[in-house]
Structures are given as structure tokens and as C-alpha cells.
Amino acid sequence: MNWGNIDRYAKSLIKEAGHIIRNSFFNQIDIDSKADVNDLVTNIDREVEQFFISRIKRDFPEHRILGEEGFGDVVQTLDGVIWMLDPIDGTMNFVHQKRNFAISLGIYADGVGMLGYIYDVMRDDFYSAAKGEGAYLNDERLPQLEITPLEQAVIGISASWLAPNRYVDNEKIMELVQHCRGTRSYGSAAIELAYVSAGRIDSYISMRLSPWDIAGGMVIAREVGAVASNMQGEAPHLLGQEPFIVARPGLHHDILTNYIRMKE
Ligand code: IPD
Ligand code: CA
Ligand code: CA
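Conventions and cut-offs
- Residues numbered from 1 in each chain as written.
- Chains lettered and ligands numbered in written order.
- Predicted model: local features only at pLDDT ≥ 70, side-chain atom pairs only at ≥ 80, totals over all residues.
- Heavy atoms only, no water.
- Helix = DSSP H or I, 4+ residues; strand = E, 2+ residues; numbered from the N terminus.
- Rg over C-alpha atoms; globule rule 2.2 N^0.38 Å.
- Buried < 20%, exposed > 50% of the residue type's maximum accessible area, 1.4 Å probe, protein only.
- Donors = N, O, S within 2.8 Å, 3.2 Å for Na, K, Ca; no water.

S.K.: Mind showing me how you'd approach the overall build of the chain here?
M.R.: Along the backbone of the chain there are seven helices and 14 strands. Against the compact-globule benchmark of 18 Å for 264 residues, the chain has a radius of gyration of 18 Å, which places it among compact chains. C-alpha atoms of the chain, sized along the principal axes, occupy 50 × 40 × 35 Å. A total of 264 residues make up the chain; the buried ones form 54% of that total.

Written as C-alpha cells, this is what we have:
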């Protein structure tokens, strides 16, 4: 497998998809909802996923694609090469703000993250990484993350997890929020993973993420020394929804052991 070629190919595909998304603002965007009324999807989410799939199937017919909008393959094992794609991560932001969304793509070989990309389309910020070769924001290499104690940490977390919910003990999350320096919520898991990797926030926590939300970001985060796991501290299985935490080393262990109490 020539990963250098695949890397160049994927980067240019993502840039092209960025053009499609930016141009979509000149036309009417159709908005639907999926699992619930706040789970939005647009014709552009679908068009962009179909664009990726037609190209990847043409040029890498032996690879499989796991895409959020369901136009790819039914993926039940991580065997072989799998492209894990979220064509627009942060669709609510795409619809309401026309910014703060990203294309997220991870390319895995037998379950190992080889290439990862997060493209913040409107800022034209391109985060990328190849396994063992460091992570980049545009052409600049991102430095290794250093240890930060909780009292100096800014945590990416949605306010939903502070309200009573069926996944996690919200009172422990309230303690976490009181003990850290501050919190932020950007509304795109991919962008939050990119921000952890770039040292802008120190952790990102969510109780329900899908493989396409985290696949690209995990490759990038690992290259700068961030630790990503489920709430048992295990590597995410990437075959369905699961709780997720990524953080600087040290902080990851502190938050998991002292502040996260899952209900199931
Ligand atoms: C969502 C965003 C959001 C996260 C949700 C995801 P989507 O992805 O990443 O920040 O909280 O869990 O589903 O639906 O905009 O691709
Ligand atoms: Ca998503
Ligand atoms: Ca999406």
C-alpha cells in the first residue's frame, strides 16, 4: 500500500469537497431531520458523501467506506482498508451559522489509524496526520502536548451532560466543571478533537459519538501525544456509537478516574 499516494489523493479530495460545500451557500439548502428533530441533515451532507464515495470506489475499488449518511458500505469488521467519513461534522452549525463545521476523514488498515484529516472548511484550516509522521495544521507541525493539571485545563464539553441524562452521572460532571479552569463547546466533535491536538483546549468529552466523528481526529490526536479512549480507558472500537474522551496525557487519567461515572 502506498500511503503517501493515498495521503495526497485524500487531501485533494477533501479540498475539492470543501469547494462544493462553500459553493452550496449560493443555492437553497434543504434541511431534514433524522433520529430526532434536532438531528439535522441537509442535501449537502448527502451530496458531499456521494462525491467522496464515487471517487473512492472508482480509484480504490478494494477499499471500504463507512459514511455517516449511509451511502457507503455496511461495515461490521475493521478488516482491510476503511475510509471513515463524516462529510459535514457539525451540521447544526452548518445550517445555523454557516461556519464551525468540518469534513472529517480517517483511513484505517485492519483497525489501525493510518491517515487522519479534519478540514475546518470556512476557516480553511486543514489538520492532518499520517501514522508515525506527526500532525500538521496546514503546513505547520503541531508540537507534542505537555501535561496540564485540571485546575489549568479548558475542557470541551456540551452542557447536555450537566443536565440529568441516561448515560453519565451529571453531578460528577458538575464537579469536573467546577474544578477545571473553564469549558468550551464548539458543536463539532471533529473540530474539538482538532483543538485538543492543537493545544487550544485540553480535553474533549462526549457520551455518544460515532466512528466517523472521531476516526480522523484520533489519528491526529495520537501523533501529538493525546490519549483517546472510551470511558473504560480502552481504545474506541469504531464499529458503533460509544462514549469518548480525548485529553492530554495525565489529565485523561484524572478525569476518567475521578469524574466520569457511567450509568450503564
Ligand atoms: C455531531 C457533532 C456534535 C456532537 C454530536 C455529533 P453531526 O455530528 O459532532 O458536536 O455532539 O454527537 O453527532 O451530526 O453534526 O455530523
Ligand atoms: Ca458527526
Ligand atoms: Ca455529519
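Now that the structure has been shown, the text picks up again.
S.K.: Any chance you could explain the coordination of the calcium ion (ligand 3) here in plain terms?
M.R.: Think of it this way: four donors in a tetrahedron around the metal ideally sit 109.5 degrees apart, and six in an octahedron ideally sit 90 or 180 degrees apart. Protein coordination of the calcium ion (ligand 3) is provided by E68 (OE), D86 (OD), D86 (OD) and I88 (O), with donor distances spanning 2.2 to 3.2 Å. The motif formed by the donor residues of the calcium ion (ligand 3), counted along the single chain, is E-x17-D-x1-I. Between the calcium ion (ligand 3) and the calcium ion (ligand 2), the interatomic distance is 3.7 Å, and D86 donates to each metal, bridging them. Of this pair, E68 sits in the loop between strand 3 (64-67) and strand 4 (81-89) while D86 sits in strand 4, placing them 18 residues apart in sequence. Its relative accessible area of 0% is what places D86 among the buried residues.

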